[in-house]
Amino acid sequence: MSFFNNLQYKSKKSVVFLIWFFQNPIEQIKKIPDWSLRNLLIVHFVFSIFSGLLAGIVSFNKWNILFGVLLFPFISMVLTLVLSTFFYYYFQVFEKKTVSFLRLLSLIVFANFPFFILQIGSSYLPPISIVGLLFSGMLIIVGLTENFQMQKKRSIRLVGIIWMLILLVWIANRISVSKMDL
């Protein structure tokens, strides 16, 4: 009985945080919760499946629905782990300190929510995914500054460079897709 009460309490606490997060993401990213890896993975997969499914439905394409439900969650998790690992080693090499990988992962998972939400409309307006990444980048900047005491100027520069690289890859992809359509 105690196990189920504890699980129910943790679930309610998680849902309450998510509601607060969506009401005021900038304030909530400043105090990311200490969730377990299991809880983070569940939240990430639920939101990425939901985002991928809705993006597929909006595009009226069954292959996009399958991609959104089956592949998008895993691709986004791999990219989330890669970004978290990058920041983890960045802190060790350039900031000369070791930070919690799980807290970095938490930051990246929560910062992905704007991208997941805006990704839904990307089949009609492709640049909206880049806007979602911009919002996610802003949350990462705030999170790095507030949770890991990184200098604001350094966090802006680092996230800005990453965002610009993603933008260049996105532009190159759009150009190659448009050439294939011709």
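Residues numbered from 1 in each chain as written. Predicted model: local features only at pLDDT ≥ 70, side-chain atom pairs only at ≥ 80, totals over all residues. Heavy atoms only, no water.

### Brief notes about the overall build of the chain
What counts, and what does not: Secondary structure elements are defined from DSSP: runs of H or I of at least 4 residues count as helices, runs of E of at least 2 residues count as strands, and each element is numbered from the N terminus. What the globule rule says is 2.2 Å times the number of residues to the power 0.38, and the radius of gyration is computed from C-alpha atoms. When accessible area is computed with a 1.4 Å probe and restricted to protein chains, residues below 20% of their type maximum are described as buried, those above 50% as exposed, and intermediate ones as partly exposed. For the accessible areas, the method is Shrake-Rupley and the probe is 1.4 Å, while residue cover comes only from the protein chains on display. His is not counted here, nor are the chain ends, while Lys and Arg score as positive and Asp and Glu score as negative. Taken as the charge centre is NZ of Lys, CZ of Arg, CG of Asp or CD of Glu, depending on the residue.
Within the chain one finds eight helices and zero strands. The linear arrangement of helices and strands in the chain, starting from the amino end, is α-α-α-α-α-α-α-α. The C-alpha radius of gyration of the chain comes to 17 Å, within 12% of the 16 Å expected for a compact globule of 182 residues. Seen through its principal axes, the chain has C-alpha atoms that stretch 60 × 45 × 25 Å. Taking all 182 residues of the chain together, the buried fraction comes to 36%. Surface exposure of the chain reaches about 11,100 Å², of which carbon and sulfur atoms provide 72%. Mean positive and mean negative side-chain charge positions of the chain (16 and 5 charges, respectively) differ by 3 Å.

### Describing a nonpolar patch on the surface
Let me state the cut-off plainly: Patch definition: residues with relative accessible area over 30% and no salt bridge; like charges joined within 9 Å; nonpolar side chains (Val, Leu, Ile, Met, Phe, Trp, Tyr) joined within 5 Å. Salt bridges are defined as contacts in which a side-chain nitrogen from Lys or Arg sits within 4 Å of a carboxyl oxygen from Asp or Glu.
On the surface, Trp-63, Leu-66, Phe-67, Leu-70, Leu-71, Ile-75 and Leu-79 cluster together into a nonpolar patch covering about 730 Å² of accessible area. Within the fold, Leu-71 resides in helix H4 (residues 62-93).

### Focus on the packing of aromatic side chains
Two descriptors summarise a pair of aromatic rings, namely the distance from one centre to the other and the angle between the planes of the rings. How we decide: Ring geometry is summarised as follows: Phe, Tyr and Trp rings, the Trp one being its six-membered ring, pair when their centres sit within 6.5 Å, and such pairs are stacked at plane angles under 30 degrees, edge-to-face over 60 and tilted between the two.
Under the definition given, this model contains 22 aromatic pairs. For the pair Phe-21 and Phe-113, a centre-to-centre distance of 5.6 Å together with 80° between the ring planes defines the contact as edge-to-face. Separated by 92 residues along the polypeptide, Phe-21 in helix H1 (residues 2-23) and Phe-113 in helix H6 (residues 113-119) bring together distant segments of the chain. Across this residue pair, the class does not change: Phe-21 and Phe-113 are buried. Consider the rings of Phe-45 and Phe-74, whose centres lie 5.2 Å apart with planes at 55°: the pair is tilted. Here Phe-74 lies in helix H4 and Phe-45 lies in helix H3 (residues 37-59), a separation of 29 residues in the sequence.

### Focus: the pattern of salt bridges
A side chain with one charge may pair with a side chain of the opposite charge, provided their charged atoms come close. As enumerated under the stated definition, the model contains three salt bridges in all. Among the ionic pairs, Asp-34 bridges to Arg-103, the shortest N-O distance being 2.9 Å. Here Arg-103 lies in helix H5 (residues 101-111) and Asp-34 lies in the loop between helix H2 (25-29) and H3, a separation of 69 residues in the sequence. Overall, the relative accessible area of 68% leaves Asp-34 in the exposed class. Residues Arg-154 and Glu-95 are paired through a salt bridge, measuring 3.4 Å at the closest nitrogen-oxygen approach. Taken together, the positions of Arg-154 in helix H8 (residues 152-181) and Glu-95 in the loop between H4 and H5 put the pair 59 residues apart, joining distant regions of the chain. Judged by its relative accessible area of 18%, Glu-95 falls in the buried class.

None of the figures reported here should be taken as evidence of function without further support.
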